[in-house]
Amino acid sequence: MNSNSEEKLGPIRRYLRNGFLGHAVEDEYHFDSRGQIFTVERGSVLYRARVSQEFLDDHAPAEITNLLHQWDLASALRDAGGVMVLVTNSGIGPR
């Protein structure tokens, strides 16, 4: 079990489900990278994002939602293709 609460992960899941209608959204904690890995998939289309533990620790649920919209994570994932995108306190960037 990871240390991230539903109140922090729920806004990310909702954001991704709304940004990628019809896609499956799954996530799991990776201890090696200390981050929550989100996978958005539909058929052969696959997008991946790693949300750092620090980002989750430092922001309230409403802030998480606002930052994902402000930084436009959905577009960053589409632009990255299959390459994992990293979400940190500094913003969004390549893995």
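In this report, the structure presented in the accompanying data block is examined. (Residues numbered from 1 in each chain as written. Predicted model: local features only at pLDDT ≥ 70, side-chain atom pairs only at ≥ 80, totals over all residues. Heavy atoms only, no water.)

## A few points about the overall build of the protein
Check the secondary structure of the protein and you find four helices and five strands. Going residue by residue from the N terminus, the α and β elements of the protein occur as α-β-β-β-α-α-α-β-β. Relative to the compact-globule value of 12 Å for 95 residues, the protein shows a C-alpha radius of gyration of 12 Å, a close match. Counting only C-alpha atoms, the protein reaches 30 × 25 × 25 Å along its principal axes. (Helix = DSSP H or I, 4+ residues; strand = E, 2+ residues; numbered from the N terminus. Rg over C-alpha atoms; globule rule 2.2 N^0.38 Å.)

## Some details on the side chain of K8
The residue K8 is located in helix α1 (residues 6-19) in this model. For the buried K8, no salt bridge exists, and the shortest N-O distance to an oppositely charged side chain is 5.7 Å, to D57. Only 2.8 Å separates the side chain of K8 from the backbone oxygen of H59, close enough to count as a polar contact. Filtering out sequence-adjacent residues up to four positions away, K8 remains in contact with L56, D57, H59, A60, P61 and I64. (Buried < 20%, exposed > 50% of the residue type's maximum accessible area, 1.4 Å probe, protein only. Lys, Arg positive; Asp, Glu negative; His and termini not counted. Salt bridge = Lys/Arg side-chain N within 4 Å of Asp/Glu carboxyl O. Polar contact = N/O pair within 3.5 Å; in protein donor to acceptor, adjacent residues only side chain to side chain. Contact = heavy atoms within 4.5 Å.)

## A closer look at helix α4 (residues 73-80)
Taken as a whole, α4 has its buried residues at L73, A74 and L77. An end-on view of α4 places all buried positions within 105° of arc, on one side of the element. On the buried face of α4, the contacting elements are α1, β3 (45-52), α3 (61-71), β4 (85-88) and β5 (91-94). Two residues or fewer after α4 comes G81, characterised by a positive phi angle close to 65°. (Arc of directions from axis to C-beta.)

## What about the environment of A76?
Take A76: it is sitting in helix α4. The spacing of A76 and Y47 is 29 residues in sequence and 9.8 Å in space, taken between C-alpha atoms. Once you skip the residues sitting within four places of it in the chain, A76 turns out to touch V85 and I92.

## Brief notes about the side chain of Q36
Here Q36 lies in strand β2 (residues 35-42). Polar side-chain contacts of Q36 include one of 2.6 Å to the side chain of D27.

## Quick notes on α1
Between the first and last C-alpha of α1 there are 19 Å, a value that for 14 residues agrees with the 20 Å anticipated at 1.5 Å per step. Of the positions making up α1, those classed as buried are K8, L9, G10, P11, I12, R13, Y15 and L16. (Expected span 1.5 Å × (residues − 1).)

## Some words on the sheet that holds β5
Reading across the sheet, the five strands line up as β1-β2-β3-β4-β5 and stay open at both edges, with mixed pairing between neighbours. Of all strands in the sheet, those bounded by a partner on one side alone are β1 (24-30) and β5. Averaged over all pairs of adjacent strands, the angle between their axes in this sheet comes to 25°, without regard to strand direction. The sheet contact formed by β1 and β2 spans seven bridges and is antiparallel. Directly across from Y29, in β2, lies its bridge partner Q36. In this fold α1 packs onto β1, β2 and β3, with an angle of close to 25° to the strand it touches most, β2. (Pairing = 2+ DSSP bridges. Axes fitted to C-alpha atoms, helices over the stretch in contact; angles between N-to-C directions.)

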